[in-house]
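One-letter residues, chain by chain:
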Amino acid sequence: MQSTVDFKKLAVTGVQALHPYQPGKPIEELERELGISNILKLASNENPLGASPNAQAAIAAALKTLELYPDGSGYQLKAAIADKFGLQNAQITLGNGSNDVLELIARAFLDNSRAAVFSEYAFAVYPIVIQAVGAELRVAKANPPEHDTMPYGHNLANIAAKITDNTRVVFIANPNNPTGTWLSKADLHAFLQRVPSDVIVVIDEAYTEYVNDPTFPNALAWLAEFPNLIVTRTFSKIYGLAGLRVGYAASGADIADMLNRVRQPFNVNSLALAAAQAALGDEAFLQQSVATNAAGLQQWFAACAENGWEYIPTVGNFITVNMKRPAAPLYDALLREGVIVRPIGGYGLPQHLRITIGTETQNDRCIKALQKVLSA
Ligand SMILES: *Cc1c(COP(=O)(O)O)cnc(C)c1O
């Protein structure tokens, strides 16, 4: 039956203006749409090596107790995280993916009387969680495309300039997705020093494990110095557990207490808890993933140089290439080659494609497909 009620008008103001997140195209969907097989998905920054075998074994063991609710406090996973990084359990908030934690932050600290700041080209989930609770979005200009060292990167001076009395939260991704750009230890630390102590700074480190450089900032090391700091991390990227949905925030215990007040009691399921704990301890898998990604980045840098493709500087597990023409038709043509990448027009970058770094064979296939669709 057709309803005469306008449900959009019934929704709260922030939700009326929301644009839902557009995920990478699932392999199955492309199979259905085009009737093709042997599809390569390099669209969601997933780990091409899969997940740690230890995680898979932990899931098999946890399958025996599916009838039980998970441990709502996530004690063992929190203890493993705390142990690995020299923190206390009380500093950790577990989430159904780190997106869940981002939402907890918005619900605990934002409402329609407050504002949150983030950078142009920053991760698309920030505006969604901010707007859903009716808070004001303040977008800071990123570095311009012609910037000499970090084009499209977060500009901390511009972010700081957007902070006013009603600003409660600042979201920063380091490295950022979808650009791959990053902030240095000195710049980020200086920024934290100048931010008022009643403004919460979220540093989203979803890709930090991929960064092979010892001088790269590790925001966990600053938690003791800055009580207003929240660091978020995920098991979706290098740990290869995107399908399970598990991530966490590390902060002072006082902030974690607020986040846990709005957290659903069983937001992380028992298989995810077990797998994440096992994955955290599999240093060999982690090292292998870092090495595969580092080699893949070099492969892409070489291919870009060879083909004259311009890309945004990256230290993540993806590369964002400027196609110098509308990217949407290229994305469609790549789909017909069985290769799924990510168009990022929704981020205001309609000529770029974001491509996840795969194995050597996968990268090679994607590079050849890109050459083909560009010359068609
Ligand atoms: C992928 C990603 C996440 C992780 O999201 P999950 O909910 O943990 O899967 C968080 N932040 C950024 C910037 C990302 O790109």
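How each quantity is defined
Residues numbered from 1 in each chain as written. Predicted model: local features only at pLDDT ≥ 70, side-chain atom pairs only at ≥ 80, totals over all residues. Heavy atoms only, no water. Helix = DSSP H or I, 4+ residues; strand = E, 2+ residues; numbered from the N terminus. Buried < 20%, exposed > 50% of the residue type's maximum accessible area, 1.4 Å probe, protein only. Contact = heavy atoms within 4.5 Å. 1 Å grid on protein atoms, 1.4 Å probe; cavity = no way out; pocket = protein on both sides within 12 Å on 5 of 7 lines; lining within 4 Å. Points joined across faces, edges and corners; volume = space filled by probe spheres on them. Nonpolar A, V, L, I, M, F, W, Y, C, P; charged D, E, K, R; others polar. Pairing = 2+ DSSP bridges. Axes fitted to C-alpha atoms, helices over the stretch in contact; angles between N-to-C directions. UniProt positions renumbered as here; feature names shortened; annotations may be inferred. Near = heavy atom within 4 Å. Polar contact = N/O pair within 3.5 Å; in protein donor to acceptor, adjacent residues only side chain to side chain. Areas by Shrake-Rupley, 256 points an atom, 1.4 Å probe, with all protein chains shown as cover. Sits in = over half its atoms within 2 Å of the grid points. Phe/Tyr/Trp six-rings, centres within 6.5 Å; stacked < 30°, edge-to-face > 60°. Lys NZ or Arg CZ within 6 Å of the ring centre and 35° of its normal.

**Re the side chain of S98**
Here is step 1: By the secondary structure assignment, S98 is in helix α6 (residues 98-109).
Here is step 2: Accessibility expressed as a relative area gives 10% for S98, which makes it buried.
Here is step 3: Apart from residues lying up to four places away in sequence, S98 is in contact with R233, T234, V246 and G247.

**Side note on empty space enclosed by the protein**
To find leftover empty space, a probe the size of one water molecule is rolled over the atoms.
Here is step 1: Counting across every chain of the model gives three cavities of 30 Å³ or more.
Here is step 2: What the largest cavity holds in volume is close to 60 Å³.
Here is step 3: Taken together, 14 residues line the largest cavity, and the ones lying closest to its centre are D71, G72, G74, R263 and N267.
Here is step 4: Class assignment for the residues of the lining of the largest cavity results in six nonpolar, five polar and three charged.
Here is step 5: If you add up the space inside the second largest cavity, you get close to 50 Å³.

**Some thoughts on the sheet that holds strand β9 (residues 310-311)**
Here is step 1: The sheet built from four strands is open, its strands ordered β9-β10-β13-β12 with antiparallel pairing. The sheet terminates laterally at β9 and β12 (342-344), the two strands that pair on one side only.
Here is step 2: Strand direction decides the pairing type here: strand β10 (residues 318-322) and strand β13 (residues 349-356), joined by five bridges, are antiparallel. Of the residues in β13, the one forming a bridge with N322 is H352.
Here is step 3: Contacts from helix α12 (residues 283-307) reach β9, β10 and β13, with the element oriented near 10° to β10.
Here is step 4: With respect to the sheet, helix α13 (residues 327-336) is in contact with β12 and β13, its orientation differing from that of β13 by roughly 35°.

**Considerations on the UniProt feature "domain: Aminotransferase class I/classII large" (unreviewed entry) in the chain**
Here is step 1: The feature "domain: Aminotransferase class I/classII large" (unreviewed entry), as given by UniProt, occupies residues 38-370 in the numbering adopted here.
Here is step 2: For residues 38-370, helix accounts for 37% and strand for 17%, while the C-alpha atoms at its two ends are 17 Å apart.

**Considerations on the site of the ligand**
Here is step 1: The full set of residues close to the ligand is G97, S98, N99, F123, N177, D204, A206, Y207, T234, S236, K237 and R245.
Here is step 2: Within the contact set of the ligand, an oxygen atom lies 2.7 Å away from a side-chain nitrogen or oxygen of N99.
Here is step 3: Protein contact buries 94% of the 390 Å² of open area that the ligand shows by itself.
Here is step 4: With respect to the pocket detection grid, the ligand is positioned in the second largest pocket.
Here is step 5: Taken together, the residues that form the shell around the ligand break down as three nonpolar, six polar and three charged.

**Observations concerning the packing of aromatic side chains**
Here is step 1: Inspection of every chain in the model, using the stated rule, returns 10 aromatic pairs.
Here is step 2: Arranged with centres 5.0 Å apart and planes meeting at 15°, the rings of F301 and Y311 form a pair that is stacked. Pair noted here: F301 is in helix α12 and Y311 is in strand β9, with a separation of 10 residues, a long-range link.
Here is step 3: The class of Y311 is partly exposed, set by a relative accessible area of 31%.
Here is step 4: Ring pairs connect the aromatic residues Y21, F123, Y126 and F171, which therefore count as one cluster.
Here is step 5: The ring of F85 has R233 lying over it, and the distance from NZ or CZ to the ring centre is 5.1 Å.
Here is step 6: One cation-aromatic arrangement involves R354 over F318; the distance from NZ or CZ to the ring centre is 5.8 Å.

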